[in-house]
Amino acid sequence: QSRYSSISATGAVPARRNEARTVRAQRGQSSGINAEYGECTLTVDHGAPVESVVVLPSGGIAISSGSNKIKVWDVHRSGGLLTTLANHQKTITCLALDSSNTRLLSASLDHQVKMYDLSTYKVTHSIKYSAPVLAIGTTGNNSRLVAGCNDGLVQIREQPSPAPCPTKRSLAAILPGSSAFFARGKNIPPAKTDSVSGQEVKRKKLSQYDLHLKRFQYREAFDHVIKSRHSPDIVVSVLQELFRRDAMKRVLSGRNEDTLQP
């Protein structure tokens, strides 16, 4: 039974990877560190100079990058093209897998590093750098992202660790009266026997005349209670509020007998 032990970029000038357009799979058996490869078993055309190739641990999926495109190939099914990703604006220089082999990373000359979910091939994260990125990699626990740029700098980004849940001992050490003192315990989840209070209560919607009074639209509030069929208690309450605000003169000015009729 044959297995694909290596996948490499090849072309008319094998010594110059940037002139290669095809990805070749070769059958062979590894012995220690070195491996002897036999005949070519599969060749696929990326359509542009191939810059980087990675193979998933299962050996059945190969991913190549060339120009600004990433292509995913099914090695076990005669190199069929599964999908094409074109999320970069310039040439993709490097591909890498994270330590869990569930994310694909791509670096490009457009100063971008993108991370893809290998289950959907959708972009999950995008990071902007100050210079074109030539190489990319992660540490064993995915806590650090390392990128080499063409300005000679190696940039390391560290994923912040989640804040530890405060203990009773740490809460007792907080100085009373400080801001941390009043915020203590907010990250501690409630126990099953605790009763939770302070839930948000829906505010009651204001009536139309209350809205007019809130916006100081006294004439509109008066017209609304006069023309609408409200109870006498509401009409009297609105008139009392207008008297209290000393707004009746402004409400009644410019009116005649017809406009004062209910």
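None of these values were measured; they are calculated from a predicted model.

A.B. asks: Residue-level account of the side chain of H88, with values.
C.D. replies: Considering the arrangement of structural elements, one finds H88 in the loop between strand 7 (80–85) and strand 8 (92–97). Given the relative accessible area of 2%, H88 is considered buried. Polar contacts involving the side chain of H88 include one to the side chain of S106, which spans 2.7 Å. Within the local environment of H88, its side chain forms a polar contact with the side chain of D110, the two groups lying 3.2 Å apart. With residues up to four places along the chain from it excluded, the contact list for H88 reads N68, S106, S108, D110, Q112, K114 and Y116.

A.B. asks: How would you sum up the pairing of strand 12 (residues 133–138)? Please name residues and give values.
C.D. replies: Relative to strand 13 (residues 144–149), strand 12 is paired through five bridges, and the arrangement is antiparallel. Of the residues in strand 13, the one forming a bridge with A135 is G148. Counting the residues in the hairpin turn of strand 12 and strand 13 gives five residues, including N142, whose phi is positive at 60°.

A.B. asks: Give me the lowdown on the sheet that holds strand 4 (residues 50–55), citing residues and values where you can.
C.D. replies: Pairing in this open sheet of four strands is antiparallel, and the strands run 4-5-6-7 from one edge to the other. Of all strands in the sheet, those with a lone pairing partner are strand 4 and strand 7, marking the two edges. Strand-to-strand twist in this sheet, taken as the mean axis angle between neighbours without regard to direction, amounts to 20°. Relative to strand 6 (residues 69–74), strand 5 (residues 61–66) runs antiparallel, the two being bridged by six bridges. By the bridge assignment, I61 is partnered in strand 6 with D74.

A.B. asks: Which residues make up the packing of helix 4 (residues 218–227) against helix 5 (residues 232–244), and what are the values?
C.D. replies: Between helix 4 and helix 5, whose axes approach to 10 Å, the crossing angle comes to 160°. Considering the angle they form, helix 4 stands roughly antiparallel to helix 5. In terms of crossing hand, the pair formed by helix 4 and helix 5 is left-handed. Contacts between helix 4 and helix 5 involve Y218, A221, F222 and V225 on the former and, on the latter, V235, V238, L239 and L242.

A.B. asks: So what about the pairing of strand 7? Which residues, and what values?
C.D. replies: Examined bridge by bridge, strand 6 and strand 7 share five bridges and lie antiparallel to one another. Looking at the pairing, D74 lines up with G80 of strand 7. Counted along the chain from strand 6 to the antiparallel partner strand 7, the turn is five residues long, and its residue S78 has a positive phi close to 60°.

A.B. asks: Could you give me a rundown of the packing of aromatic side chains, with the residues and numbers involved?
C.D. replies: Using the criterion set out here, one finds one aromatic pair in the structure. Relative to Y218, the ring of F216 has its centre 6.3 Å away and its plane inclined at 90°; by these criteria the two rings are edge-to-face.

A.B. asks: Any details on helix 5? Residues and values, ideally.
C.D. replies: Over its 13 residues, helix 5 runs 18 Å from end to end, which matches the ideal 18 Å to within 8%, given 1.5 Å per residue. Of all the residues in helix 5, the buried ones are V235, V238, E241 and L242. All buried residues of helix 5 fall inside an arc of 130° around its axis, so they share one side. Residues P232, D233, Q240, F243 and R244 are exposed on helix 5 and point more than 90 degrees away from its buried face. For helix 5, the secondary structure elements touched by its buried residues are helix 3 (208–214), helix 4 and helix 6 (248–252). Directly after helix 5, the chain includes D246, whose backbone phi takes a positive value near 55°.

A.B. asks: Break down the environment of L118 for me, citing the residues and quoting the values.
C.D. replies: Tracing the backbone shows L118 in the loop between strand 10 (112–117) and strand 11 (122–128). Counting along the chain gives 21 residues from L118 to L97, while the straight-line C-alpha distance between them is 9.6 Å. When sequence neighbours within four positions are dropped, the list of residues in contact with L118 reads L56, I63, L97, N101, T102, R103 and L104.

Thresholds, definitions, all that
Residues numbered from 1 in each chain as written. Predicted model: local features only at pLDDT ≥ 70, side-chain atom pairs only at ≥ 80, totals over all residues. Heavy atoms only, no water. Helix = DSSP H or I, 4+ residues; strand = E, 2+ residues; numbered from the N terminus. Buried < 20%, exposed > 50% of the residue type's maximum accessible area, 1.4 Å probe, protein only. Polar contact = N/O pair within 3.5 Å; in protein donor to acceptor, adjacent residues only side chain to side chain. Contact = heavy atoms within 4.5 Å. Pairing = 2+ DSSP bridges. Axes fitted to C-alpha atoms, helices over the stretch in contact; angles between N-to-C directions. Parallel < 35°, antiparallel > 145°, perpendicular 65-115°, else oblique. Left-handed = near helix turned anticlockwise from the far one by under 90°. Phe/Tyr/Trp six-rings, centres within 6.5 Å; stacked < 30°, edge-to-face > 60°. Expected span 1.5 Å × (residues − 1). Arc of directions from axis to C-beta.

Remember, this is a structural readout, not a statement about activity or role.
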